[in-house]
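One letter stands for each residue in the lines below.
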Amino acid sequence: MNRCGVSHQTSSERIERLSPAKRALFERLRASDAAARRHRAIEPRVAAGSAPLSFAQQRLWFLDQLDPGSAAYNVATAVRLRGLLDAAVLEQALQVVVDRHEALRTTFHSVDGRAEQAITPTTRVRLVQIAAQSWPVAERESRIQQLAAAEAIVPFDLSTGPLLRATLVRLTNDEHVLFLTIHHIVCDGWSMAVLRDEVADHYAAILAGRPPRMAPLSIQYADFAAWQREQLRGPAVERLLNYWSRQLAGAPEAIELPLDHPRPTIQGFHGDVRRLRLDGALTTELRRLAGEEGATLFMTLLAAFQILLARYSRQKDVCVGTPIANRSRPELEPLIGFFVNTLVIRGRLEGNPSFRGLLAQLRETTLSAFAHQDLPFEHLVEHLHPSRDTSRTPLVQVMFVLQNIPLRSRDVAGLSISDVSFDHAPISNFDLTLNVDEHADRLDLSLVYNTDLFEPDTIERMLASYELLLRGIIAGRDTSVQRLPLVDPQAALGQLAAWNDTDAPFPQDVCIHELISAQAARTPHATALEYENQTFSYAEL
C-alpha cells in the first residue's frame with residue numbers, strides 16, 4: 001500500500017483489478033474484518049504509566065533476559081536527505097514523534113517476577129551529529145555502509161532506555177544521511193515507515209509554523225497489549241487454537257537440513273548473507289505462472305522454497321515461517337509498536353505431487369492462515385508445547401520474506417528524501433531466512449544464514465539450486481516435485497569427474513604386496529579392509 005498516495009479508483013474498481021488469489025484473500029479477510037467490526041473498538045486503558053507486555057514483547061523480553069546486551073533484535077533504517085537541512089528542527093521533529101508515541105517512551109522491568117512496560121511522560125531525544133565533509137569523496141559510500149552496520153549492532157538496555165537512537169551524518173552542506181535504530185520490542189517494519197513519515201511531516205510543519213496534518217492517536221501500543229491479553233480468552237481464542245492445532249497436527253518440529261558444522265547446544269545468532277539476482281525474463285515468467293494458476297508471486301516463490309527445503313532435508317513435510325503485519329484494525333495502522341506476527345505455513349509433499357498440485361495446496365493453506373492470523377505466534381508455541389530445545393527456535397527454523405514495497409522517495413520542505421539500502425548487521429535469528437525484494441524488472445534474493453551451521457559455499461549452492469528449480473518450474477509446472485532440477489547437468493558431470501579423479505602415482509617397479517607391507521609398517525593398527533561385520537588391520541592383512 002502506498003501510504004502517501006491517494007487512489008482515485010472506487011473500491012469495487014480496485015477489487016476487480018485484483019488477481020483471483022488476491023481477490024480470494026481479500027474476501028476472506030473482509031469477512032473476518034466484518035466480524036471484528038461487530039466488536040467494540042480498542043479503548044484506552046484506565047491506568048496510565050504501566051501495562052502488561054504483548055505476547056510478542058513478552059518473548060523478546062525473555063530472550064533479552066537470557067542474553068542481555070544482544071543486538072539480535074535491533075531494527076535499523078537510513079534515509080538520504082538532499083537539500084538545505086536544519087538539524088535543530090529535525091531534532092525537534094524527532095522529539096514531537098517521541099512525545100506522540102508512548103512506545104518510544106517505554107522501558108521494561110520485572111515487577112514481582114512479572115514483566116511490565118513502563119511509560120515515562122517525557123523522554124529526551126538526542127540527535128547525534130557526525131561531520132563527514134572531510135571524508136574523501138571516493139570513500140563516502142563505503143564509510144556510510146560501515147557506519148550503518150556498526151550503528152545497527154550497538155545494543156539497547158531495555159530497563160533504562162531510550163530505545164531509539166538517531167544519528168545524522170553531514171556529507172556536504174546540502175547532503176546528509178540519517179540513521180534511525182530502534183529495538184524490535186517497540187517497533188516493526190511498518191512502524192519504521194510510520195516513524196520516517198511522521199518525522200518528515202513534523203519537520204515540514206515546524207518550518208512552516210503550522211500544526212502537522214495528522215489526526216490524534218485514539219489509542220497507544222500499551223492499550224493494544226492490554227486488549228490483546230483480554231481478547232485471547234474464551235471462544236475467540238479457542239477457535240484460533242483449534243484451527244492452528246488441526247493445521248499443524250503431526251507436523252515435524254524441525255527441518256533437518258544437512259549442516260556443515262554440528263549444531264551448538266545453545267543457539268547462536270552469528271550470521272552472514274549471500275545474494276542472487278533473478279533477471280527480468282525469469283521474473284516475468286514467474287508472475288505469469290502465478291497469475292495463470294490463480295496464485296500470487298509470494299505463494300509461487302514460497303512453494304518453490306518448500307520444495308528446495310524438502311529435497312535438501314529429505315522430508316516430505318516442512319514448515320516455514322513468514323511475517324505478517326497484524327494490523328487488522330484501523331486504529332492500529334498509525335501506531336508505532338511491535339505488532340508483526342509470524343505465521344507457520346506448512347507444505348506437504350507426500351505422494352510426490354506436481355508443482356501445480358503443490359501450489360494449489362499452498363494457495364489454500366496460505367489464504368486460510370491469513371484469515372486466522374490473529375493468534376500470536378508466542379501463544380501458539382505455548383499451546384502446542386513443542387519439545388524444549390535450546391539449540392533452535394520452536395516450530396520454525398526457516399523464514400521466507402517477500403518485500404514488495406519499493407524504496408521510496410519524497411520531497412518535503414525543500415528536502416529530497418530517499419531510502420538508503422545497506423547491509424544489515426551479521427545476525428541470523430533463524431537457521432535460514434530467504435528475503436526476496438521484488439522490483440519491476442527483477443527479484444533480488446538474499447539468503448541470511450547462521451554461520452555456526454553453514455559454510456558460505458553451501459549457501460551459494462542452495463541459492464543456485466533455487467534459481468535452477470524456479471527455471472525448471474517455468475519449463476514444466478506439471479513436473480513432480482522430486483523430478484524438478486536442483487543441479488545443472490553439466491555442472492554435475494564436472495563435479496562427478498572431479499570427485500572420482502582418484503588417480504595417484506606410485507612406483508611401477510614395486511609389487512602390490514610390498515606396498516601393503518610398507519603401509520603396515522607405518523600404520524599397523526589402522527583398518528585396511530571391512531566386510532559386513534569384519535575388519536582387518538594392516539598388520540593382520
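Residues numbered from 1 in each chain as written. Predicted model: local features only at pLDDT ≥ 70, side-chain atom pairs only at ≥ 80, totals over all residues. Heavy atoms only, no water.

## A look at the confidence of the model for the protein
This is how it is decided: On a range of 0 to 100, pLDDT expresses the predictor's confidence in each residue. Labels follow the DSSP assignment, with helices taken as runs of H or I lasting at least four residues and strands as runs of E lasting at least two, numbered in each case from the N terminus.
Chain-level statistics for the protein give a pLDDT mean of 88 and a share of 89% at 70 or above. Per-residue pLDDT, averaged within each element of the protein, yields its smallest value for helix H1 (residues 11-16) (46) and its largest for helix H10 (residues 297-313) (98).

## Here we look at the sheet that holds strand S1 (residues 50-52)
Rule in force here: Between any two strands, pairing holds if DSSP finds at least two bridges. Axis angles are defined between N-to-C directions and span 0 to 180 degrees, where every axis is a line fitted to C-alpha atoms and, for a helix, only to the segment in contact. Note on definitions: a residue-residue contact is assigned when non-hydrogen atoms from the two residues lie within 4.5 Å.
As summarised here, the arrangement of the 3 strands in space is S1-S4-S3, forming an open sheet in which the pairing is antiparallel. The open sheet has two edge strands, S1 and strand S3 (106-111), and neither has a second partner. Sheet twist, expressed as the average angle between the axes of neighbouring strands with direction ignored, equals 35°. By the bridge criterion, 3 bridges tie S1 to strand S4 (residues 114-119) in an arrangement that is antiparallel. Paired with Pro 52 across the two strands is Glu 116, which belongs to S4. Contacts from helix H3 (residues 55-66) reach S3 and S4 within the one sheet, and its direction differs from that of S3 by about 70°.

## Digging into the pattern of salt bridges
Rules: One speaks of a salt bridge when a side-chain nitrogen belonging to Lys or Arg is within 4 Å of a carboxyl oxygen belonging to Asp or Glu. The cut-offs for exposure are 20% and 50% of the maximum accessible area for each residue type, with area from a 1.4 Å probe on protein chains only; residues under the lower value are buried, those over the upper are exposed, and the others partly exposed.
If you walk through the whole model with that rule in mind, you get 35 salt bridges. In this structure, the salt-bridge partner of Glu 116 is Arg 114, at a minimum N-O distance of 3.1 Å. The exposure class assigned to Glu 116 is buried, which follows from its relative accessible area of 17%. Across the pair Arg 392 and Asp 389 runs a salt bridge whose closest N-O atoms are separated by 3.1 Å. In this structure Asp 389 comes out as partly exposed when scored by relative accessible area, which is 35%.

## Here we look at the side chain of Gln 228
With respect to the element layout, Gln 228 can be found in helix H7 (residues 221-231). With residues up to four places along the chain from it excluded, the contact list for Gln 228 reads Ser 54, Phe 55 and Pro 376.

## Some details on the packing of helix H8 (residues 234-247) against helix H12 (residues 377-384)
Note the cut-off: What sets the label is the angle itself: under 35 degrees gives roughly parallel, over 145 gives roughly antiparallel, 65 to 115 gives roughly perpendicular, and the rest give oblique. In this scheme, a crossing is called left-handed if the near helix is turned counterclockwise away from the far one by less than a right angle; it is called right-handed if the turn is clockwise. Throughout this entry, Asp, Glu, Lys and Arg are counted as charged residues, while Ala, Val, Leu, Ile, Met, Phe, Trp, Tyr, Cys and Pro are counted as nonpolar. The remaining residues, Gly among them, count as polar.
It is the contact of H8 with H12, at a shortest axis distance of 11 Å, that shows an interaxial angle of 70°. In terms of their interaxial angle, H8 and H12 are classed as roughly perpendicular. Where H8 crosses over H12, the two elements pack in a sense that is right-handed. Counted together, Val 237, Leu 241, Trp 244 and Ser 245 of H8 and His 379, Leu 380, His 383 and Leu 384 of H12 form the full contact between these two elements. For the contact of H8 with H12, the class distribution of residues is 5 nonpolar, 3 polar and no charged.

## What about the packing of aromatic side chains?
The following threshold applies: For Phe, Tyr and Trp, rings pair up if their centres lie within 6.5 Å, where Trp contributes its six-membered ring, and each pair is then called stacked (planes under 30 degrees apart), edge-to-face (over 60) or tilted (otherwise). Placement of a positive charge over a ring is assigned whenever Lys NZ or Arg CZ falls within 6 Å of the ring centre and within 35 degrees of the normal to the ring plane.
One pass over the full model with this rule turns up 9 aromatic pairs. A connected cluster of aromatic rings, assembled from ring pairs, spans Phe 298, Phe 305, Phe 370, Phe 400 and Tyr 466. Over the ring of Phe 156 we find Arg 165; its NZ or CZ atom is 4.1 Å from the centre of that ring. Between Arg 229 and the ring centre of Phe 55, over which it is positioned, the NZ or CZ distance is 4.1 Å.

## A closer look at unusual backbone geometry
Residues Gly 161 and Pro 162 are joined by a peptide bond in cis, for which omega reads -10°. When you line up the elements, Pro 162 lands in the loop between helix H5 (140-152) and strand S6 (164-172). The phi dihedral of Arg 314 is positive, around 60°, even though this residue is not glycine. Note on placement: Arg 314 falls in the loop between H10 and strand S9 (317-324). Of note in the backbone geometry, Asn 326 takes a positive phi value of approximately 65° without being a glycine.

## Considerations on a nonpolar patch on the surface
For clarity, the cut-off: What goes into a patch is any residue over 30% in relative accessible area without a salt bridge, connected to like charges within 9 Å or, for nonpolar side chains (Val, Leu, Ile, Met, Phe, Trp, Tyr), within 5 Å. Where accessible areas are quoted, they stem from the Shrake-Rupley method and a 1.4 Å probe; at the residue level, only the protein chains shown are allowed to cover.
A cluster of nonpolar side chains, namely Phe 506, Ile 512 and Leu 515, defines an oily patch on the protein surface of about 290 Å² accessible area. Residue placement: Leu 515 occurs in helix H15 (residues 512-522). The partly exposed category is assigned to Leu 515, whose relative accessible area is 31%.

## Details of H3
One full turn of an α-helix is made of 3.6 residues, so residues set three or four places apart face in the same direction. Operational definition: In a helix, the anticipated span is given by 1.5 Å times the number of residues less one.
Relative to the 16 Å expected for 12 residues at 1.5 Å per residue, H3 spans 17 Å between its end C-alpha atoms, a close match to the ideal helical length. Those residues of H3 that fall on the buried side of the exposure criterion are Phe 55, Ala 56, Gln 57, Leu 60, Trp 61 and Asp 64.

## Brief notes about the side chain of Arg 80
Here is the rule we go by: In protein, a polar contact means a hydrogen-donor-capable atom and an acceptor-capable atom, both N or O and within 3.5 Å, with residues adjacent in sequence counting only if both atoms are side-chain atoms; elsewhere, any N or O pair within 3.5 Å suffices.
If you trace the backbone, Arg 80 turns up in strand S2 (residues 74-82). For Arg 80, a relative accessible area of 9% corresponds to the buried category. For Arg 80, the side chain forms a polar contact with the side chain of Glu 141, separated by 2.9 Å. If near-sequence neighbours (up to four positions away) are discounted, Arg 80 is found in contact with Glu 141, Leu 171, Glu 175, His 176, Val 177, Ser 416, Ile 417, Ser 418 and Val 420.

## Comments concerning the environment of Ala 56
Relative to the helices and strands, Ala 56 resides in helix H3. Distance in space between the C-alpha atoms of Ala 56 and Glu 378 is 6.4 Å, their sequence separation being 322 residues. When neighbours within four sequence positions are excluded, Ala 56 is seen to be in contact with Phe 338 and Glu 378.

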